[in-house]
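Here's the letter readout for the chains.
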Amino acid sequence: MGNEESPQITRRATRLSSSTPVTSNEVETEKITKPYKLTVNDFVFGGEKLSFDDLLSSFPARGNQIRELLRLLGPVNSPMLPLFVYGDPSTGKTSTILQIFRHLNRPFVYASCLTCYSLQILFESVLDQLLLHKKNAANGYSSAKRCVKPSDFVNFLRGDLTSVIEKLKSLKKVGPSKLAGKPNGNMLYLIFDNLELIREWDKSSTALSFMFNLYDVLKMHEVGLIFISNTSPDTYYSNMGYTEHVPVYFPEYTEDDLRQILMRNQPNRKLYSSFLDVVLRPFCRTTRRVDELSTVFSSLFRKYCEPLSDLASVPNEEMKRRLFSHFRPHIAPSLNEIFWVPSKSSTEAETNKDTTQKGSTRKSEVGDHFAQIDFHMSTSAKYLLISAFLASRNPATLDASLFDSTGGSDSRKRKRKASEKSIEQKEVAEQELLMKGPGTFPLERLLAIFQCITSAADSFDEDEHENDDLRAGGDGGLMSDVLLQLSSLCNANFIIKGGSCPLEGSTRYRSTVSEDLALKVARSLKFPLPNYLYRR
Ligand SMILES: Nc1ncnc2c1ncn2[C@@H]1O[C@H](COP(=O)(O)OP(=O)(O)OP(=O)(O)O)[C@@H](O)[C@H]1O
């Protein structure tokens, strides 16, 4: 769940914590304090009411999405189609939505597939919230209802939603619902966050189609469904026959957006702005995640200010130069740190850490670990995985210029095609605007890329035997293996089969692997993947 910057730890936080693991300290506290009794007022965010202007100013660069979401949610008590809110991690999806609900004071239930890490936990968390049930020592930290099967969930959910909506309706009769802390309206919203994680729980994707079907199955106009995902709707199975979800896209932040976001709440704006002048651009090239940037910048800013005796002073040009020369040595190590720390792959690498390497620098440590990781995958499967990643990531129009007959490794050939490439790039820029997530591709394109990059395999690995199993069977052997490998990669969910293209009628595929993982696989093959990635 995203951090709502917690300006207000309210009843809401108390209720949400019912779905998170309990620490031993909490157990102790629980014994001595009387448990908080949840009421129907806990369906709203709580705390001070948030005005529209405050909502907008809390989320720089998200004005369009806030307005769009408010429009889709509509006036109080209006039914709505399910929403599918998506965008890269840390683009403010969760916090914006929760604060919109705080602004509207409307009742909702929130469950994240990150904290509720299995279907059963997710179901039970939603039901617990609806039943105002809090896990505590007295009930042995158990859920109100045991719910494993989707069919049971639907039955329980329908009953529990009906009774909550009745309660909300009766509340309305008691008095004006706009009072702070009182639910506004009798429509109840179910928010499911980090939906993309469901794919990892359930390889056959029945759980996902169940979730997408929920609206049609429930048929309750007083229930609004909001799904939040950090992958685009195209990365889910389509053509399943359920009601179309309304997409709301949270684009990646530009450097300017990030400046506005990071400048918020800074007591000395001029000083912080001079700091951002130095750090923002290089760090933006590495990450645009607000959470990562704000963490690294908070310690860097302290370093930046070390020479200052008065933190309220406005730096002049001379002072800026002095601050910069003092600060400069800290930039590169921090950049390395942020590059490696947050990614999943580096965490994996970290867990595999060999204690004998303690003395080396962090960057080389992780670099070594990339090499150590054993993928237990045949070389051809690795090339196929990389080919699928490239097909999903790169616009198809660039294939010709990126992969020539030598797999793009012949610089002479690439130079000759440069002008062709620049014409295509224009075309591609437009097309790329439409690309909101990994694209789909037909089998033919995958095989073509695969052939190009494997035919060049020798040139990447001149003196080693890394590609022995590629060479062993010759081209024929390799290609005959490919369809088998493709089906294994699909089973393992590294590549997913999408619906068929209505125009071509053929099946399309999509890669689900992250750039980190693709780079890791490429490194294990000594394949220069970055040379083949189209970058804006
Ligand atoms: N426009 C913004 N203004 C202020 N803070 C922001 C903005 N965008 C993101 N943040 C902050 O970045 C952090 C991450 O945001 P959040 O969890 O809402 O992102 P998310 O898109 O839901 O990420 P994920 O997909 O990983 O769940 C939060 O602390 C949030 O307050």
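Refer to the structure printed above.
Remember, predicted model here, so these are calculated numbers, not experimental data.

1. Looking at the environment of Leu-258
Here Leu-258 lies in helix H10 (residues 255–263). Overall, the relative accessible area of 1% leaves Leu-258 in the buried class. It is 8.3 Å that separates the C-alpha atoms of Leu-258 and Leu-280, two residues lying 22 residues apart in sequence. If near-sequence neighbours (up to four positions away) are discounted, Leu-258 is found in contact with Tyr-253, Leu-280, Cys-284, Arg-288, Val-290 and Leu-293.

2. Considerations on the site of the ligand
Of all residues adjacent to the ligand, which total 21 residues, the nearest are Ser-90, Lys-93, Thr-94, Ser-95 and Tyr-253. For the ligand, an oxygen atom lies 3.1 Å from a polar atom in the backbone of Gly-92. Thr-94 has a polar side-chain atom sitting 2.5 Å from an oxygen atom of the ligand. With the chains in place, 90% of the 630 Å² that the ligand exposes on its own is no longer accessible. Looking at which element gives the most residues to the shell around the ligand, the answer is helix H5 (residues 93–104), with 3 residues. Split into classes, the residues belonging to the shell around the ligand amount to 6 nonpolar, 10 polar and 5 charged. Per-domain counts for the shell around the ligand show at least three residues from each of domain 1 (11–250) and domain 2 (255–340).

3. A few points about H5
Helix length check: H5 (12 residues) gives 17 Å between terminal C-alpha atoms against 16 Å at 1.5 Å per residue, within 8%. For H5, the buried fraction is high: 12 of the 12 residues fall into the buried class. Listed as buried for H5 are Lys-93, Thr-94, Ser-95, Thr-96, Ile-97, Leu-98, Gln-99, Ile-100, Phe-101, Arg-102, His-103 and Leu-104. Directly beyond the C-terminal end of H5, a positive phi value near 60° is found at Asn-105.

4. Details of unusual backbone geometry
Notably, Asn-105 is not glycine yet its phi reads approximately 60°, a positive angle. Inspection of the secondary structure puts Asn-105 in the loop between H5 and strand E2 (108–112). Assessed through its relative accessible area of 6%, Asn-105 is described here as buried. Of note, Leu-132 is a non-glycine position whose phi angle comes to about 55°, a positive value. Structurally, Leu-132 is set in the loop between helix H6 (119–130) and helix H7 (150–174).

5. Digging into helix H4 (residues 63–73)
Taken as a whole, H4 has its buried residues at Gly-63, Gln-65, Ile-66, Leu-69, Leu-70, Leu-72 and Leu-73. Where the residues of H4 are buried, they touch helix H3 (52–58), strand E1 (83–87), H5, strand E3 (188–193), strand E4 (223–229) and strand E5 (246–250). Positioned one or two residues after H4, Gly-74 has a phi angle of 75°, which is positive.

6. A word on the pattern of salt bridges
Applying the stated criterion across every chain yields a total of 9 salt bridges. The salt bridge partner of Glu-222 is Lys-169, with a shortest N-O separation of 3.1 Å. Taken as a pair, Glu-222 in the loop between helix H9 (206–218) and E4 and Lys-169 in helix H7 lie far apart in primary sequence, 53 residues in all. Overall, Glu-222 belongs to the partly exposed group, its relative accessible area being 27%. A salt bridge links Arg-393 to Glu-515, with the shortest nitrogen-to-oxygen separation between them at 2.6 Å. Here Arg-393 is found in helix H16 (residues 379–393), whereas its partner Glu-515 is found in helix H24 (residues 515–525), with 122 residues between them in sequence. A relative accessible area of 24% means that Glu-515 is categorised as partly exposed.

7. Some thoughts on the nonpolar core
One finds Leu-157, Leu-161 and Phe-192 to be the most contacted residues of the largest nonpolar core, which totals 43 residues. Breaking this core down by element, the ones donating at least two residues are E1, E2, H6, H7, E3, H9 and E4. Not counting residues within four places of it along the chain, the set of residues in contact with Leu-161 comprises Leu-130, Leu-188, Leu-190, Leu-218, Met-220 and Val-223. Among the nonpolar cores identified, the runner-up in size contains 36 residues, and Ala-381, Phe-450, Ile-453 and Tyr-534 belong to it.

Cut-offs applied
- Residues numbered from 1 in each chain as written.
- Predicted model: local features only at pLDDT ≥ 70, side-chain atom pairs only at ≥ 80, totals over all residues.
- Heavy atoms only, no water.
- Helix = DSSP H or I, 4+ residues; strand = E, 2+ residues; numbered from the N terminus.
- Buried < 20%, exposed > 50% of the residue type's maximum accessible area, 1.4 Å probe, protein only.
- Contact = heavy atoms within 4.5 Å.
- Near = heavy atom within 4 Å.
- Polar contact = N/O pair within 3.5 Å; in protein donor to acceptor, adjacent residues only side chain to side chain.
- Areas by Shrake-Rupley, 256 points an atom, 1.4 Å probe, with all protein chains shown as cover.
- Nonpolar A, V, L, I, M, F, W, Y, C, P; charged D, E, K, R; others polar.
- Domains from an automatic or database assignment.
- Expected span 1.5 Å × (residues − 1).
- Salt bridge = Lys/Arg side-chain N within 4 Å of Asp/Glu carboxyl O.
- Core = buried A, V, L, I, M, F, W, Y, C linked by side-chain atoms within 4.5 Å.

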